[in-house]
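Inside the fold
Each chain is listed here by its residues.
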Amino acid sequence: MTLPEFSVRQPVLVNVLFVVCMVGGWNALQLTEVEYFHDVNLNSVVVTTRWDGASADEIERLVTTKLEEELLSVGDIDEMRSASQANVSVINIDFDETLDTIDYESAVNDVRGALEQVEDLPPEVDEPQLREIVTADIREVVYIAVADTGGVGPLALRDVAQEIQSRVREIQGVSKVAIRGLQDREVRVVVDRSRAALYGVTVGDVAERVRRQNQNLPAGTFQDAAGEATLRATGDDTSIDEILDTVVLEEASGTRIRVRDVARVERGLEKPVFISRYNGRPASIVGIAKKDKTDIRELVARVDAFLEDFIPLVPEGIEVRKTLDSSDFVAPRIGVLLDNLAAGMVLVAALLWFTIGFRNAMLTIIAIPFSFLTAIILFPVLDISINSNTLIGMLLVSGMLVDDAIIVLENIYRKIEEGMALRRAVVEGANEVLWPVTAAVTTTIAAFAPLLLVGGTAGKFVSVMPKCVVVCLVASLFECLLILPAHYLDFGSRTGAKDKARSTGTGPLARVSRAFGGLRLGMDHGFDRLRTAYLAALRPVITHRFAFGMLFIATLLATAAGSTRLKFELFPGEFSSYNINLEASPDSSLEQTSALTREIERLLTELPEGDVLDHNTIVGLSVDLNYDRILAPNLALTTVAIPQTEANQLEPDLVVKRADRVMQALAARRPDEIASIRVESERYGPPVGRPVEVRIQSEDFAVNKRIADELKVYLATIPGVSGIDDNLKEG
């Protein structure tokens, strides 16, 4: 028994199956996350190790080098990069892109094991922290700026930012919340040297006693009737008075010299490592990242609801605003794709209406939503979300999904026009084209299937589209062979266009039927004339086969030659913001670099109104060519949000070019203070890196820098080369 025969014999069961697929697909659609690019694991990890108070040289010699030596024993590492900066060591590890999930997890466990084998790190060093990198971690989906508009000071900003951080962490779908520009509280012990000298106490004595007082140390174990217990000596001070009461010196006479006798204690904030601003005002920036498989639009909506309740509670003099909202970028572009998809379905329905009649057109067009909704049921199994790639795949096949249904329906309709009984016409009409339709769908699947063989990180992004296309096509084949025959029995046309045009009824429906019947006859006559013209044009082609064959070859060669002029970009990407990376002169302090960024912020206010929505700056940090963060007092990063007007969505590069011209003019005016300014768009999508990267490796950083500078000068002479930079910053 074939599928069409089963469909005709069991119409109730088939209709129930149809409803189940439609309802199940609709419910699955509500649960499927929406994002611009599919979240994938990038086969990369970052190892971060903190040592507060250590210099960059100490971090390199005593932390980074030792960790790297142990990590070299791990297999499947494709590349390892490290940055040693004051207080922190950062090691970026890229594994072989072709590793599957099991091999990748094994490699990550090997890295964890290697880190545990490093036992000779200085005792003050924190335990190395390992973090896996997925696309959701590359950039936060939305930021909340806490700006000082009334001179309230950094302590007030800090308290509000931390309150936001603690509350936002509880929002569903949030993976992490980080604060830029946050200074930790600290307590300063200010020693009065003259009073300390009277007691024979030095500053070092006071520092040592306070340090020893604030240590937690193991003190062994002891055995009693209840069992074995572990002892620890705890000494954390919890108040200013406890610090003031710390004994610095105990004389032979029993007199105790305390901290309060030789010093005073002040509350404050640590010396800033970064300076952050929002729209030119001092600020703390709260970044919010989403969990994998979280709908970005729903997450931002929850953040909006939180801010609506929280902002009225904010003290006067502090402004809390949402900035760099990724949903403002994603939502309109997903909307455009959905609108195009809907418009395509309407056009297909209209064309079918005029060619095969209204009832038959509705039976055919139902294949599009049925195929999409049935395919979406399988999206969780295939690890697919609603994103730009899946929507483009749906756009590609929206016309193909009705092709097989049209073939089946037209053959059934032809049998009916020949006078065959309805049930027999449905079965024979569908069976006659069963295998041709199956072969047509299979060949289309075969055209997309090779994209599933693309390996590496690129393959993880590309594979989403062929998966979507394949399941949609299989669903359409299922619909035309099993669902359509049963539906035709109940709803399909019983008469041809000629019969409708000759209808003798007098009611409104009869008149409408005659009108559309006549319109369809006119369409049929039009197609007949088109067919006649086609046959007339085909005759000289058949008669002069050699000449037209040569013309075809010439056209093919011209097309191949023209294709070499096309620009190739695997992931072109779009963007709604751009970064201004500032590198000041190597000897610039944090404050001097901050002064330069204020000039950048002033110039941003002079750009056309439609070019800048808002901007935030962080001084002391930048991003290198591999998207790794670099910390140095002579670096700064200003991120500018672009208003999402129609013009800016179509040509955002023009906005970046205008900003770049202004910034390069600033660098030319102040060459002694500015080493370089780089204006780059912050594109969505996979991190593709630069088109060309040159690695320079030696034992001497000075040699590396000299070679890099010479190479940059040479590369600048090559036509078409731009954006030349290196990741070895002086400072």
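Residues numbered from 1 in each chain as written. Predicted model: local features only at pLDDT ≥ 70, side-chain atom pairs only at ≥ 80, totals over all residues. Heavy atoms only, no water.

Focus: the pattern of salt bridges
In the structure shown here, the tally under the stated rule is 23 salt bridges. As a salt-bridge pair, D304 and K322 come within 2.8 Å of each other at their nearest N and O atoms. Linking D304 in helix α11 (residues 296-310) with K322 in strand β15 (residues 318-323), this pair joins segments that are 18 residues apart in sequence. Taking the relative accessible area as the measure of exposure, D304 reaches 30% and is therefore partly exposed. A residue is classified by how much of its surface remains accessible, and K322, at 26% relative accessible area, is partly exposed. Of the charged contacts in the structure, one is a salt bridge between R424 and E428, with a shortest N-O distance of 2.8 Å. Placement of the pair is R424 and E428 together in helix α18 (residues 422-432), with a separation of four residues, close to one helical turn. Judged by its relative accessible area of 29%, E428 is partly exposed. (Salt bridge = Lys/Arg side-chain N within 4 Å of Asp/Glu carboxyl O. Helix = DSSP H or I, 4+ residues; strand = E, 2+ residues; numbered from the N terminus. Buried < 20%, exposed > 50% of the residue type's maximum accessible area, 1.4 Å probe, protein only.)

A word on the packing of aromatic side chains
Taken as a whole, this structure holds four aromatic pairs when the rule is applied. Taking 5.5 Å as the distance between ring centres and 10 degrees as the angle between the ring planes, the aromatic pair formed by F18 and F370 counts as stacked. Here the residue F18 occupies a position in helix α2 (residues 11-31), and F370 occupies one in helix α14 (residues 367-377), the gap between them amounting to 352 residues. Taking the relative accessible area as the measure of exposure, F370 reaches 0% and is therefore buried. Ring geometry for F306 against F310: centres 5.3 Å apart, planes inclined by 25 degrees, an arrangement best described as stacked. Of the two residues, F306 and F310 are both situated in helix α11; the distance of four residues between them amounts to about one turn of the helix. Take F306 and F310: they sit in the same class, and that class is buried. (Phe/Tyr/Trp six-rings, centres within 6.5 Å; stacked < 30°, edge-to-face > 60°.)

A look at the pairing of strand β2 (residues 77-85)
Here β2 runs beside strand β3 (residues 88-95); their pairing, made up of eight bridges, is antiparallel. Note on β3: the bridge partner recorded for S82 is I91. The loop that links β2 with its antiparallel partner β3 comprises two residues; one of these, N87, has a positive phi angle of about 80 degrees. (Pairing = 2+ DSSP bridges.)

As for the nonpolar core
Counting residues in hydrophobic clusters, the biggest one holds 91 residues, and the most contacted among them are I144, V146, I164, V168, V320 and F379. Sorting elements by how many residues they give to this core places helix α21 (residues 464-491) first, with 14 residues. Apart from residues lying up to four places away in sequence, I144 is in contact with I164, V168, S284, I285, V286, I288, V303, F306, L307, V320 and R321. Judged by nonpolar contacts, the second largest core, of 25 residues, contains L604, A659, M663 and I677. (Core = buried A, V, L, I, M, F, W, Y, C linked by side-chain atoms within 4.5 Å. Contact = heavy atoms within 4.5 Å.)

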